[in-house]
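Fold and geometry: a report
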Amino acid sequence: MSHRVPVRLTVNGVRHELDVEPRLLLVHALRDQLGLTGTHVGCDTSNCGACTVHLDGQAVKSCTVLAVQADGGEVTTIEGLGTPDSLHPVQEAFWDHHGLQCGYCTPGMIMAGADLLQRNPDPSEEEVRRALEGNLCRCTGYHNIVKAVMAAAQTGRGSISEPGPTAEGRESAAELAQEGLGA
Ligand code: FES
Ligand code: FES
């Protein structure tokens, strides 16, 4: 029988106690144990950024973090960033500026963009491009992705803190998924 360890995580404001194998990656804990499939796996080797979430307020590639390393931490996933009725400004800007094609990279791009704007509310285009260079878009939609992050910054609201998740917000993740903004 494989050895398992307890891990406590607060994800999108909700506390969870998990029993995980020590080798389990955070991305798999989120997707497979908590059902938060808005966080995507593109490569599993830290190259693509599709798995980007916020851990204790900072963007991390969740395929590079073991679930046990996140023990006691606060995680925000794309499902916790906004709701269909109240999108996060970066989500709103991706919508307005058509910052997605197939949508596979989109949750990671949005989490990386939101992280940048928390740290730097008024980035130059160069700074946006640099901040997103660890996130790959297989559809090569970079132009509109950068445009969207710049637009979110220009609203002056890009740095607002992440909204606290609500039951309604969590339940509406499926709606966001249909629009390519959440899953
Ligand atoms: Fe984590 Fe690609 S799945 S960086
Ligand atoms: Fe298809 Fe980026 S929109 S991978």
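The structure under discussion appears in the preceding block.
What this report covers is the structure whose coordinates are included nearby. The residue numbering used here restarts from 1 in each chain and proceeds along that chain's sequence as written. Chain labels run from A onward and ligand labels from 1 onward, assigned in the order the entries are written. In view of the model being predicted, local features appear only for residues whose pLDDT reaches at least 70, and side-chain atom pairs are presented and counted only at 80 or more, with totals across whole chains, interfaces and linings using the full set of residues. Just so you know, side-chain values use all the structure's heavy atoms and leave hydrogens and water out.

1. Some words on helix α1 (residues 26–33)
Residue pairs three or four apart in sequence face the same way in an α-helix, which turns once every 3.6 residues. The line we're drawing: Think of it in three bands: residues with accessible area under 20% of the maximum for their type are buried, residues over 50% are exposed, and the middle band is partly exposed, with areas taken using a 1.4 Å probe on protein chains only. The helix and strand labels rest on DSSP assignments: H or I over at least four residues marks a helix, E over at least two residues marks a strand, and numbering proceeds from the N terminus. Picture the helix axis, draw a direction to every C-beta atom, and the arc is the one those directions span. By definition, residues are in contact when any of their heavy atoms lie within 4.5 Å.
Among all positions of α1, only L26, V27, A29 and L30 are buried. Take α1 and look down its axis: the buried residues cluster within an arc of 170°, on one side only. Those residues of α1 that are buried are in contact with β1 (5–11), β2 (14–20), β3 (52–55) and β5 (74–76). Once α1 finishes, G35 follows within two positions and takes phi at roughly 70°, a positive value.

2. Focus on the sheet that holds β3
Going by this rule: DSSP bridges decide pairing: two strands pair if at least two such bridges lie between them. Lines fitted to the C-alpha atoms define the axes, with helices restricted to the stretch that makes contact. Angles between their N-to-C directions range from 0 to 180 degrees.
Reading across from one edge, β2-β1-β5-β3-β4 is the order of the five strands in this open sheet, with mixed pairing throughout. The open sheet is flanked by β2 and β4 (58–61), the only strands paired with a single partner. Here the strands of the sheet are splayed against their neighbours by 40° on average, with no regard to which way each runs. Pairing analysis gives two bridges linking β3 to β5, with the strands arranged antiparallel. Opposite H54, over in β5, you have T76 as the bridge partner. Helix α3 (residues 106–119) contacts β3, β4 and β5 of the sheet and is inclined by roughly 40° relative to β3.

3. Observations concerning the pairing of β4
In this sheet, β4 lies alongside β3 in antiparallel orientation, the contact comprising four bridges. Bridging across to β4, H54 finds its partner in A59. What sits between the antiparallel neighbours β3 and β4 is a turn of two residues, in which D56 has the positive phi angle 50°.

4. What about helix α5 (residues 142–154)?
What counts here: What a helix is expected to span follows from its residue count: subtract one and scale by 1.5 Å.
Between its first and last C-alpha atoms α5 spans 18 Å; for 13 residues at 1.5 Å apiece the expected length is 18 Å, and the two agree. Inspection of α5 places I145, V146, A148, V149, M150, A151, A152 and A153 among the buried residues, and these make up the whole buried set. Where α5 is buried, its residues meet α2 (89–96), α3 and α4 (125–131).

5. Looking at the pattern of salt bridges
Rules: Note on definitions: salt bridges are taken to be side-chain nitrogens of Lys or Arg within 4 Å of carboxyl oxygens of Asp or Glu.
Applying the stated criterion to the full structure yields four salt bridges. A salt bridge links E21 to R23; the nearest nitrogen and oxygen atoms lie 2.8 Å apart. Across the pair R130 and E126 runs a salt bridge whose closest N-O atoms are separated by 3.7 Å. Taken as a pair, R130 and E126 lie in helix α4 at a separation of four residues, close to a single helical turn. For E126, a relative accessible area of 47% corresponds to the partly exposed category.

6. A look at the packing of aromatic side chains
Rules: Only Phe, Tyr and Trp rings are paired, with Trp represented by its six-membered ring, and only when their centres lie within 6.5 Å; those with planes under 30 degrees apart are stacked, over 60 edge-to-face, the remainder tilted. Two thresholds decide whether a charge sits over a ring: the Lys NZ or Arg CZ must be within 6 Å of the ring centre and within 35 degrees of the ring normal.
If you walk through the whole model with that rule in mind, you get zero aromatic pairs. Sitting over the ring of Y104, R138 keeps its end group 4.6 Å from the ring centre.

7. Description of the packing of α3 against α5
Packed helices, taken two at a time, are described by their axes: the angle between them and the distance between them. Convention followed: Put simply, a crossing is left-handed when the front helix is turned counterclockwise from the back one by less than a right angle, and right-handed when it is turned clockwise. Residue type decides the class: Asp, Glu, Lys and Arg count as charged, Ala, Val, Leu, Ile, Met, Phe, Trp, Tyr, Cys and Pro as nonpolar, and the leftover types, Gly among them, as polar.
It is at 10 Å that the axes of α3 and α5 come closest, and there the two elements cross at 35°. α3 and α5 meet at a crossing whose hand is right-handed. For the pair formed by α3 and α5, the contact residues are M109, G113, L116 and L117 on the first element and Y142, I145, V149, A152 and A153 on the second. Looking at the contact of α3 with α5, its residues break down into eight nonpolar, one polar and no charged.

8. Topic: unusual backbone geometry
With a phi angle near 70°, D44 is a residue other than glycine that sits in the positive phi range. Mapping D44 onto the fold places it in the loop between α1 and β3. Residue classification places D44 among the partly exposed residues on the basis of a relative accessible area of 35%.

9. What about the packing of α2 against α3?
Definition in use: Any angle that is under 35 degrees is reported as roughly parallel, and any over 145 degrees as roughly antiparallel; angles of 65 to 115 degrees are reported as roughly perpendicular and all others as oblique.
α3 packs onto α2 with a crossing angle of 125° between their chain directions and a minimal axis gap of 9 Å. In terms of their interaxial angle, α2 and α3 are classed as oblique. Note that α2 runs across α3; the crossing there is right-handed. Together, V90, Q91 and F94 of α2 and T106, M109, I110, G113, A114 and L117 of α3 make up the contact between the two elements.

Shape descriptors only; they carry no functional weight alone.
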